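Chains, contacts and geometry: an overview
Residues per chain, in single letters:
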Amino acid sequence: MKQNFSTITEDKIKKGLYQRFIEPTKNNENNYIGIEIEIPILNLEKKPVDFQVVHKITEEFKKQYTNFKPQTIDHNNHICSLINKKKTTT
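Quick notes on the rules
Residues numbered from 1 in each chain as written. Predicted model: local features only at pLDDT ≥ 70, side-chain atom pairs only at ≥ 80, totals over all residues. Heavy atoms only, no water. pLDDT = per-residue confidence, 0-100. Helix = DSSP H or I, 4+ residues; strand = E, 2+ residues; numbered from the N terminus. Salt bridge = Lys/Arg side-chain N within 4 Å of Asp/Glu carboxyl O. Buried < 20%, exposed > 50% of the residue type's maximum accessible area, 1.4 Å probe, protein only. Phe/Tyr/Trp six-rings, centres within 6.5 Å; stacked < 30°, edge-to-face > 60°.

1. Side note on the confidence of the model for the protein
Overall, the prediction assigns the protein a mean pLDDT of 81, with 79% of residues at 70 or greater. Across the protein, the element-wise mean pLDDT spans from 86 in helix H1 (residues 10-22) up to 91 in helix H2 (residues 51-64).

2. Some thoughts on the pattern of salt bridges
Scanning the entire structure with this criterion turns up four salt bridges. Glu10 is the salt-bridge partner of Lys14, the closest N and O atoms lying 3.3 Å from each other. Here Lys14 pairs with Glu10, and both are found in helix H1, just four residues apart, close to one helical turn. For Glu10, a relative accessible area of 54% translates into the label exposed. A salt bridge links Lys62 to Glu59, with the shortest nitrogen-to-oxygen separation between them at 3.7 Å. In this pair, Lys62 and Glu59 both sit in helix H2, three residues apart, roughly one turn of the helix.

3. Focus on the packing of aromatic side chains
Counted by the stated rule, this structure contains two aromatic pairs. Here Phe61 and Tyr65 contribute two aromatic rings whose centre-to-centre distance is 4.7 Å and whose plane-to-plane angle is 35°, an arrangement assigned as tilted. Since its relative accessible area comes to 41%, Tyr65 is described here as partly exposed. Between Phe61 and Phe68, the ring centres sit 5.3 Å apart and the planes meet at 70°, which makes this aromatic pair edge-to-face. We classify Phe61 as partly exposed; its relative accessible area is 24%. Residue classification places Phe68 among the partly exposed positions, given a relative accessible area of 21%.

4. Regarding unusual backbone geometry
Even without being glycine, Lys46 reaches a positive phi, approximately 60°. The backbone phi angle of Asn77 is positive, close to 70°, even though this residue is not glycine. Its place among the elements puts Asn77 in the loop between strand E1 (68-73) and strand E2 (79-84). Of the residues examined, Asn77 reaches a relative accessible area of 60% and is grouped as exposed.

Written as structure tokens, this is what we have:
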């Protein structure tokens, strides 16, 4: 019995990648791109960072950027992450 093996070509690979990763994002308003903002906080006295400062900065960010809502809260009721679910247009 003769087996029919398809030849893998660069074009087939490109098409497969395009179908898998690009096509699902076209014209779908439910897909979002996430951006993680990391803000390094250093203690200039070379001591451990006071986490109350971190929590205060997070709260101030939330106040200034009102579209961001808490996504994760820790066991002490501090915000661990914020998310903006508002749709924007370009």
